[in-house]
Amino acid sequence: MTQATVKIQKVLKERSVRAYLNRVLFVFIIVSLITFFVLPMLWLFTAPFDASPSLHLEMPDWTLNNFREMVENPYALRSIGNSFILAGGTVLIVLIAGAPAAYVLSRARFRGRDTALYILLLFSSIVTGSAAMVPLFFITLQLGLIDSYIGTILVLTGGLLPASIFILKDFTDTIPRSFEESARVFGANSFQMLRDVVAPVIRPGLAVIAVWAFVNVWSNFLLPFILLRSPSKSPAAVVMYSFYTDGGQAIIRVIAAFSIVYTIPVLLAYLFVNRRYGFRFYGGIKG
Amino acid sequence: MGSVEVTGLTKIFPPDVLVLDNLDITINDGEFFSLLGPSGCGKTTLLRTIAGLESASAGQINIGDRTVTHLSPGKRNVAMVFQDYALYPHMTVRDNIAYPLKVQRVAKAERFSRAESAAESLSLGKLLERRPSQLSGGQQQRAALARAMACRPDVFLLDEPLSNLDARLRLEARGFLKELQSEIGVTTVFVTHDQSEALALSDRMAVLSAGKIMQIGTPREFFHAPSNVFVAEFIGMTPINIIPASISDSTLHFGGMSVQLAEVDLNKLHGGRELVVGIRPEYLHAIDPLSASSNIEGTVRLIENLGTHHMVSIDVDQKVVRGLVPDGHEPSLHESIRFVPTLDRLMIFDSQTGEALIHGLSGSVIQDR
C-alpha cells in the first residue's frame, strides 16, 4: 500500500465516523422529542388501571376499581351522554345549515359574495371567543335558553358554522359545475341532482366537517360551563373539573379513569371517518 | 327527428356583454355540424344555449318540430358530452351510463341492458365495474359518449370532447367519433377551436367570431372559398399568405409578379378598391430559376419540415411568404427562391372589409423575361 492510499483511507474513515456521530445525535434528539410528547399519553393509558395513581408515571398496580368508582359517581357517565347530546346536536345543525349555505356560496354569483365570506370568517373567530362571552350569556339569558341543551347547541353552532361554511365552500368549489349541468341535461330535477350527484361527491367534505365540529364541541369547556347551570346537564369536559373531595383534593383515580373514557369517542370518530373516507377527496377527473 | 333550427338567437351576459349576436343556423337531421372559432367567440355559449344551460336573450330554438327555447334542459331530449366528460366519480361506469335512464324512470333491467349494449358498442364491456378514475383518458371519453348514446337523444351536443386527449389519441378518437356518428346517424353539434378537427369531421360547419357567424358551409367550401380574410386565416393547416395587390389596366400585381386577368374576373373587381391576394402555401410552388414566368422571389429565412413537404418562408418586400416544397427539393437557407401560385386556387379579398371577391382566378401568369 502506498502512502497516498493510506491517507485516503484515513480521510474516508474519519468522514464515516463523523457521519455516524451525526446520525446518533439525530436519533437521540428525535427520541427525546417523542418521549416528551408520549409521556402524557402513557400516563393516560396506565394511571386509570393503577390502584393508587399519582401525577407521576409509574408501573401500575393493576386494578379496575377506579372505573367502578367513576361509574358510581352520579355525574360521570351521565356527562358523557350530555356531551353526545351537545356534540351530536351541534354537528347536525352545522351540517344541515352549512352544506346548503356552502353550496349556494360556491355556485351562485351575487354582489358582495366575497365580502360576505370574509365577514363570515372574521366573525367565526370572535363569536365564541372569550370577548363575546358576556353578551352571549345575556342573550341566552334573555331568550330563556340558559341552562338548556338547545341554547348551548345554538351558541356552539354559531361558533362553528362560519368556518364550516367556509371550508365546505372551498371544497364545493373543486367540484366541476359540469357534474350538475350534465345531470340537468339528462333531465334530473334539482332534488335529484343534489341527491345523486352533489351530495355523494361532497360527502367526504361533510365527514371532515362533522368530525371537526364533534371534536370541537366535545373538548369545549368554557361555553357549556357558563351556559349550563345544573350539574346534571354538564358535559364531560365540565364534569371532569368537578372531581374533587370536599376538602378540595383532586380525586386522581376518578380523573384518570374518566380521562380515558372521555378520549375514546373522539378516537373512534377519527378512526371511523378515516376508514370510511380515508380523508381522500373526489375531485374532477382530468384526462 | 333531430334537426336544429336557430333563428335570431341573441345572448347577452349581464350587464351588457353581447355573446351571441342575432344568429341564424339550420342544422339538418343526421348531420355532423361543427361550431368553430377562436376562444371567446361564443361557440360554447351557443351550444349551451341549445342545451338549455343558458337562456336565450332573444330568438328561437327549434329541435325537430318542437320549439324548445324556453324548455328546461331535461325536456329537450338532447345529450351533452362535456369537455371534462363530467363522469360521476362515485359511480361505476355502468351506473354512470345508466344514470340518465334512471332519471327518466326506465325500469332497472332495461336500464342496465341498454347501458351494457352502449358500453359494448364502444368497447367498454370489460370496464363496467370500474370507477371513472380507473379509466384512461380515451376510455373516459368513450364512457361519456356511451352515456350520451344510451339516452337515445334527438341531438348530440359535444363540447370539445377531444381536447383533453393527447395528440396521438385525439386522431384515433376523431376517426372513431366520425364512424360512430355516421353509424347511429344522430344529429351532432360539435364545438371545437381546432380547425383541422372541424374540417375532418364535419358535414357542414360554421365559423364564429365575436358572437357573429362568419360563414356556414361544407369543409371544402371553407378551405377553397372562405368568405373573408378572417375565415381564410383561421382555416388550414398552414397559415395562408395575404399579399397586398393592385390592378393596372387588366393586370393584377402582387408580391412582384403579374397576372393577366380575364374579363369575368375584372368585372368582379370594378370600382378601384384596395385589394389583397390570399394564397395557401399548398398552392404556391417553386419554379425553375431559368423560367420566363413572372414570380414571387425572395430569400429563404426559414425551412420547416412537415414530413412529405417542407414549408419554406421567404422574405418579399419585408413580408413573409410561405410556400410548400416537396421533400428532397427544399432549398438551403438564405438562398433565393421563386414561387408561382396555382391561379385557380388564388383568392382576392377587399383589403378594407376583408370580404372575399374572387375564389380562383381564370387569368394567366405574364411571361416577362
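Since we're looking at a predicted model, the values are computed, not measured.

S.K.: What's the story with the sheet that holds strand S17 (residues 309-316) of chain B in this structure? I'm lost.
M.R.: Pairing between the strands of a sheet comes from backbone hydrogen bonds, and it takes one of two forms, parallel or antiparallel. All names here are of chain B. The 5 strands are arranged S15-S19-S16-S17-S18 in an open sheet whose pairing can be described as antiparallel. What marks the edges here is a single partner per strand, and that holds for strand S15 (284-286) and strand S18 (319-326). Each adjacent strand pair in this sheet contributes to an overall mean axis angle of 50°, direction not counted. Sheet analysis places S15 next to strand S19 (residues 336-341), joined by 3 bridges and oriented antiparallel. Among the inter-strand pairings, His285 is bridged to a residue of S19, identified as Val340.

S.K.: Would you mind going over the interface of chain A and chain B with me for this structure?
M.R.: The accessible area lost on association of the parts is a frequent measure of interface size. Across the contact, 21 residues belong to chain A and 29 residues belong to chain B. Summed over both partners, the interface of chain A with chain B comes to about 2200 Å²; 63% of that surface belongs to carbon and sulfur atoms. Where chain A touches chain B, the interface holds 1 salt bridge. Its salt-bridge partner being Arg48 of chain B, residue Glu181 of chain A comes within 2.7 Å of it at the nearest N-O pair. Taken together, the links from chain A to chain B amount to 8 residue pairs in polar contact (both at pLDDT 80 or more). Elements that contribute at least two residues to the side of chain A that touches chain B include exactly helix H7 (177-185) and helix H8 (190-218) of chain A. Per-element tally for the side of chain A that touches chain B: the top contributor is H7 of chain A, with 7 residues. Partitioning the side of chain A that touches chain B into residue classes produces 11 nonpolar, 6 polar and 4 charged.

S.K.: Honestly, the confidence of the model for chain B in this entry has me stumped. Any pointers?
M.R.: Atomic detail in the predicted coordinates should be set aside for any region of low pLDDT. Averaged over chain B, the pLDDT score is 90; the fraction of residues at 70 or greater is 99%. For this predicted complex, the interface confidence score (ipTM) comes to 0.82, while the overall pTM stands at 0.79.

S.K.: Honestly, the packing of H8 of chain A against helix H11 (residues 252-277) of chain A in this entry has me stumped. Any pointers?
M.R.: Two quantities define a packed helix pair, namely the angle between the axes and the distance from one axis to the other. All names here are of chain A. One way to put it is that H8 packs onto H11 with a least axis distance of 10 Å and a crossing angle of 175°. By the angle between their directions, the pair H8 and H11 is classed as roughly antiparallel. Contact with H8, carried on its side by Arg203, Pro204, Ala207, Val211, Phe214, Val215 and Trp218, involves Tyr262, Pro265, Val266, Ala269, Tyr270, Val273 and Tyr277 of H11 and no other residues of that element. Across the contact of H8 with H11, the residue classes tally to 13 nonpolar, no polar and 1 charged.

S.K.: Mind showing me how you'd approach the pairing of strand S9 (residues 204-209) of chain B here?
M.R.: Regular strands have side chains that alternate between both faces of the sheet. All names here are of chain B. With 6 of its 6 residues buried, S9 lies for the most part within the structure. Both faces of S9 are covered, namely the face carrying Arg204, Ala206 and Leu208 and the face carrying Met205, Val207 and Ser209. When strand S3 (residues 32-36) meets S9, the two strands line up parallel, connected through 4 bridges. The partner of Phe33 across the bridge, within S9, is Arg204. When S9 meets strand S10 (residues 212-217), the two strands line up antiparallel, connected through 5 bridges. Among the inter-strand pairings, Met205 is bridged to a residue of S10, identified as Gly217.

S.K.: Any chance you could explain unusual backbone geometry here in plain terms?
M.R.: Glycine aside, a negative phi is what most residues show, and trans is what most peptide bonds show. All names here are of chain B. A cis amide bond, omega 0°, links Pro14 with the succeeding residue Pro15. Looking at the secondary structure, you find Pro15 in the loop between strand S1 (4-13) and strand S2 (17-27). With a phi close to 60°, Arg105 is a non-glycine residue in the positive phi region. Locating Arg105 in the fold gives a position in the loop between helix H2 (93-103) and helix H3 (108-121). With a phi close to 65°, His334 is a non-glycine residue in the positive phi region. Among the secondary structure elements, His334 is positioned in the loop between S18 and S19.

Definitions and limits used
- Residues numbered from 1 in each chain as written.
- Chains lettered and ligands numbered in written order.
- Predicted model: local features only at pLDDT ≥ 70, side-chain atom pairs only at ≥ 80, totals over all residues.
- Heavy atoms only, no water.
- Pairing = 2+ DSSP bridges.
- Helix = DSSP H or I, 4+ residues; strand = E, 2+ residues; numbered from the N terminus.
- Axes fitted to C-alpha atoms, helices over the stretch in contact; angles between N-to-C directions.
- Contact = heavy atoms within 4.5 Å.
- Buried area = accessible area lost by both parts, 1.4 Å probe.
- Salt bridge = Lys/Arg side-chain N within 4 Å of Asp/Glu carboxyl O.
- Polar contact = N/O pair within 3.5 Å; in protein donor to acceptor, adjacent residues only side chain to side chain.
- Nonpolar A, V, L, I, M, F, W, Y, C, P; charged D, E, K, R; others polar.
- pLDDT = per-residue confidence, 0-100.
- Parallel < 35°, antiparallel > 145°, perpendicular 65-115°, else oblique.
- Buried < 20%, exposed > 50% of the residue type's maximum accessible area, 1.4 Å probe, protein only.

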